[in-house]
Each structure stands twice: as C-alpha cells, then as structure tokens.
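Observations on chain architecture
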Amino acid sequence: MIFTYFTYISHVSLRSLRIMANSVLFPSSQVKGLKVLDKTLFIKTVKVPCLQVDKNSVSKAVLTLKKYFLKLENFKAVQSSDSNVSIYLNPDSVREWKNISTDDINTLSSIGISDENLILKDLTLTYDNYSLDTILKSILPDDSDGFSSFTKVGHIVHVNLKDHLLPYKKLIGEVLLEKVKNCKTVVNKLDMIDNTYRNFHMEVLCGEDNMQTCVKENNCIFEFDFSTVYWNSRLSTEHERIVKKLHNGDVFIDVFAGVGPFSVPLAKKKCYVYANDLNPESYKWLNYNIEKNKVDKRHIKTFNKDGRDFIKTDVKSVLIEHLNQRNIFIAMNLPALAVEFVDGFVGLLAENIVEISNIPIVYVYCFAKGSETNTDYCTIAKNSLLQNIEIDVTDKIVDMFEVRTVSNFKKMIRITLKLDGDILFASRSNSKRKVVHDDNLLTKIPKYNGEEKEQ
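I will try to describe carefully the structure that is included in this document. (Residues numbered from 1 in each chain as written. Predicted model: local features only at pLDDT ≥ 70, side-chain atom pairs only at ≥ 80, totals over all residues. Heavy atoms only, no water.)

Notes on the overall build of the protein chain
The helix and strand tally for the protein chain stands at 12 helices and 18 strands. Looking at the protein chain residue by residue over its 455 residues, the buried ones come to 52%. A total accessible area of about 22,200 Å² is found for the protein chain, and carbon and sulfur atoms account for 47% of it. (Helix = DSSP H or I, 4+ residues; strand = E, 2+ residues; numbered from the N terminus. Buried < 20%, exposed > 50% of the residue type's maximum accessible area, 1.4 Å probe, protein only. Areas by Shrake-Rupley, 256 points an atom, 1.4 Å probe, with all protein chains shown as cover.)

What follows is the structure, given as structure tokens:
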C-alpha cells in the first residue's frame, strides 16, 4: 500500500479556544489534565435543538438549515425514522426558534415548518464524537502553548513536543493513533538535527515500532526508514517548485540529495541528474527509489560522498562537461550548513577558464534566525552566506525566497545565486576580500509577487 502524507497545523486562537470551552458541547472539565486516557470521562448528555420535518420537505429544509447543523464526528445531523426526519442543530447557535434568521424562517414557513416543529432532545456524546483538536484542547493546559501541529509521513505521525507537554506524551500518542486516519505509529522527536547524517533520535509514543514508510510526491513513490534518513513533508511544495523550473535535457546537481525528492522526479523528467548524499542510508534509499520509480539510469548518477569532496571532484567534472552546452542547476538543500559549502565553488574551474555564455544557477538553502527587533530574514540569510564565502557575491544573488516558517523567528530561505566566472575562475590567492554586510540588498532584488521567478 502507498501512503501519502500531510501536515496538520491547528489554527485555533485563544479567542476561539475560549468560545470552544464555553460551548455546551465541549467535554467536561473533569478531563482537564488527564495523563492516562479515560474515555468514559468524555460521556456527556446535552440538550440539543431538533427539527421534526416531513420527509417530503426534507430536501428544501436541509438546504436552508445546513449552516445550523450540529457537526460532530461519527454523527449524522439528518436522521430518518419511519414517520419523519430529525434535523439536529448546533445548540451554540440555535437555542430557540428566533435564533434562526428571518429570511430562513420565512423559507421554512413556505414549506410548512414552524417553531412547533422545533423540540429539544437529549443527546449523549462520547469520546468518539469529539475531534482530535477538541480532545487535546480539553485535556492539555490552557496557560501555555498547546499542541499545535504534527506531520504524517506514510503510516507514521511525527510530533515535536515541547517540554511542558512531555508529561502528556503517551496520552497525545494514543489520541493521535486513534484519530488520524491510517496512522499506525506515533513518534516524538528527541533532539535537534545536529549529527552528520541529518536524522534525529525519536521515541515511539504509541503503535507499531515500524519506521519503514512510503509516501507519494511529484508523481513518484519514495520509500525509506524514517529513523535513519532526513525527510520533511513540509518541503513538498518547494520540491515541486524546483522540479517545475527544469526542463528535459537540463543538468541538475543535487549536493545533499537525501532519498531523492528533487533528483528522482527530475530524472524521470529526463534531466541529467547527479545526486549525492553522505549518509549511507540515504544513499541506499536514493538508489532504491530510482529503481522503484523505474528511472532510466542514463539520466541519473548517484554518489555517496562528503558534499565538499563531491563539489571538488564530481561537480567540477560535470561543469567541465556541460558548461555552455546545457542549462545547469545546483541544489544545496542542507539549510543548517549549506552556506559553509558554497566556497567550494570559488576557483573551482580556475585551471579551465573559458567564456561562460550560459551561467549555472545554485539554489542555496539556509535557516535565518530573527528576533523581535529584526525579522528581515532575507538579509539575515544573505549575510550568513557572505560570511562563509571568500568573495563578495552580493551582485550574484538574483532571488531570495522564504520557503517556510520553521518556528518563531526562524525561517528557511532559498538563495538563488549565479555561478559565474567571477566565482568559478577566481584565483584563491587573490579572492579573499573583506565582506561588507549590505542591508539594502533587498532593494536590488526583484520582489516576490506571488509567482516563482523563473530562471
């Protein structure tokens, strides 16, 4: 079976939370602070408004009343019996007949429905009637940041719990396992991605201890062991953006390829792809996914090297072979460290000086950490690049794009850099010059207007 993935982010504001907590439908306060899930505590009987409607009038009544429906999980707002149809309404919005708008009352009257049809019924709610969001909001503390997001990668739900939620981790895992469709495993990240291979330690909160999963992206299937490689579902749109930029016959060099989210679809697109990753597990799954997606081996070559060694040897050879003959694009998707590798291109072809008529493009991904007083993330990212390269490449930057928000005051930025002769043919002995931070750089770069700038 092929699983896809999605990212869940709760957008429930504090105001919405207060409104939710005041709802007659909200779980009892006795569930607040639970650390062991007790579903019986969610059983609650409430009185809800219900319209008794003749079967001949139900279709018109439903069109008028849909916005007032009682919406719960595993519950049908419209229920038929032998004699009539019961339409259950939300008690938070309809307490009595006058809470329905005048226009809607007139419409209902035209089909023979009046306040005499409205009754109150006892309805018993259970754990199964509550959504994931409602359950967690009712249990977890209100006085600090609550549980707000998770990522589903195949059958695995991945969370990154803050310290104050760790006492509730087993309960959170159990609720996710039951409430997220096709979830079989819930894991929590234990540390930062700071090791050589870009994976992180995790613990299984609930479900199967099975880290091998499968996702679909860009019309390709990717299989991998989530515990040994890096995969971020939130980058799927960025992968798609880059794949769309390239065309049949272009050259794509993937310095930090991972399991192939850029490289595999581009090779299927009949680009000439050179994909590298230092992690032997990523390299294994990269080659596995090439086979799984039936990629023509003439369009992809794989490498298992340190990124700098890959640039100095194989990338150099690829540039010599294809420079001026094909469009060349290079991706450096290692946002925590990629800026430290860019200087590997300085003077890379110093012994092979030729006129460049078709300048290669490099996509450098990096994290930009801002603050309450500085949220100019693109300038922060640009300065990080300039600090890590021997020459001033300010005028080589043609675009900067905010890929995603990582956390408060931290964003992932893509810097698009022209790899021209000033960089490739630079003499290292003469290339070191003082880099001055240019805080006005953004005025020199075309503003992002909602459409990706094509290279």
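From this point, the narrative continues.
A short note on the side chain of D277
Here D277 shows up in the loop between β13 (272-276) and α8 (280-292). D277 sits in the buried class, given a relative accessible area of 7%. Within the structure, D277 has its side chain in polar contact with the backbone nitrogen of N279 (distance 3.0 Å). (Polar contact = N/O pair within 3.5 Å; in protein donor to acceptor, adjacent residues only side chain to side chain.)

Structural notes on the environment of S427
Its place among the elements puts S427 in the loop between α11 (421-424) and α12 (428-431). Between the C-alpha atoms of S427 and L348, which are 79 residues apart in sequence, the distance is 9.2 Å.

Digging into the pairing of strand β14 (residues 300-303)
Of the strand pairs in this sheet, β13 and β14 are connected by four bridges, and their pairing is parallel. Counterpart to V273 in the pairing with β14 is I300. Assessed by its sense of winding, the connection that carries the chain from β13 through α8 to β14 is right-handed. (Pairing = 2+ DSSP bridges. Right-handed = clockwise from strand over helix to strand, strands pointing away.)

Notes on the side chain of E223
The residue E223 is located in strand β11 (residues 220-225) in this model. Overall, E223 belongs to the buried group, its relative accessible area being 13%. In terms of polar contacts, E223 uses its side chain to reach the side chain of Q212, at 2.8 Å. Within the structure, the side chain of E223 is placed 3.4 Å from the side chain of K292, a separation counted as a polar contact. Beyond its immediate chain neighbours, meaning those up to four positions away, E223 contacts Q212, T213, C214, W285, Y288, N289 and K292. (Contact = heavy atoms within 4.5 Å.)

Quick notes on the sheet that holds strand β4 (residues 85-88)
Across the sheet, which stays open at both edges, the four strands sit in the order β3-β4-β2-β5 with antiparallel pairing between neighbours. Every other strand in the sheet has two partners, leaving β3 (78-80) and β5 (118-125) as the edge strands with one partner each. Put simply, the sheet's adjacent strands are angled 35° from each other on average, direction ignored. Pairing geometry for β3 and β4, over three bridges, is antiparallel. Of the residues in β4, the one forming a bridge with Q79 is S86. Strands in contact with helix α2 (residues 58-65) are β2 (44-53), β3 and β4; relative to β4, the strand with the most contacts, it is inclined by about 0°. (Axes fitted to C-alpha atoms, helices over the stretch in contact; angles between N-to-C directions.)

As for the packing of aromatic side chains
For the structure on display, the rule yields 11 aromatic pairs. For the pair F75 and Y88, a centre-to-centre distance of 5.4 Å together with 80° between the ring planes defines the contact as edge-to-face. Taken as a pair, F75 in the loop between α2 and β3 and Y88 in strand β4 lie far apart in primary sequence, 13 residues in all. Here the aromatic rings of F222 and W231 are separated by 5.5 Å at their centres, their planes lie at 45°, and the arrangement is tilted. When its relative accessible area of 0% is taken as the criterion, F222 is described as buried. (Phe/Tyr/Trp six-rings, centres within 6.5 Å; stacked < 30°, edge-to-face > 60°.)

Section: the sheet that holds β14
Taken together, the seven strands give an open sheet; going across it, the order is β14-β13-β12-β15-β16-β18-β17, and neighbouring strands pair in mixed fashion. Two strands lie at the open edges of the sheet, namely β14 and β17 (397-407), each paired on one side alone. The sheet shows a mean angle of 15° between the axes of neighbouring strands, direction not considered. Pairing between strand β15 (residues 328-332) and strand β16 (residues 361-369): four bridges, direction parallel. Residue pairing for β16: F329 is matched across the bridge by I361.

With respect to the state of the cysteines
For the coordinates displayed, the defined rule picks out zero disulfides. In this model C183 remains outside any disulfide bridge; the closest cysteine sulfur is found in C206, 8.0 Å from its own. (Disulfide = S-S within 2.5 Å.)

Focus on the pattern of salt bridges
Tallied over the full model, the rule gives 21 salt bridges. We note a salt bridge from R241 to E238, for which the minimum N-O separation is 2.7 Å. Taken together, the residues span about one helical turn, with R241 and E238 both in helix α6 (residues 236-245) at a distance of three residues. Among the charged side chains, a network of salt bridges with common partners joins E238, R241, D399 and R414. (Salt bridge = Lys/Arg side-chain N within 4 Å of Asp/Glu carboxyl O.)

A look at the nonpolar core
One finds I253, I330, M332, F345, I413 and I415 to be the most contacted residues of the largest nonpolar core, which totals 48 residues. Sorting the residues of this core by element identifies β12 (251-254), α9 (307-322), β15, β16, α10 (377-387), β17, β18 (410-418) and α11 as the ones contributing at least two each. Looking at which element gives the most residues to this core, the answer is α10, with six residues. Ignoring anything within four residues of it in the chain, the contact list for F345 reads I311, V315, I330, M332, L419, I423 and L424. Grouped together as the second largest cluster of nonpolar side chains are 40 residues, V153, L246, F401 and V403 included. (Core = buried A, V, L, I, M, F, W, Y, C linked by side-chain atoms within 4.5 Å.)

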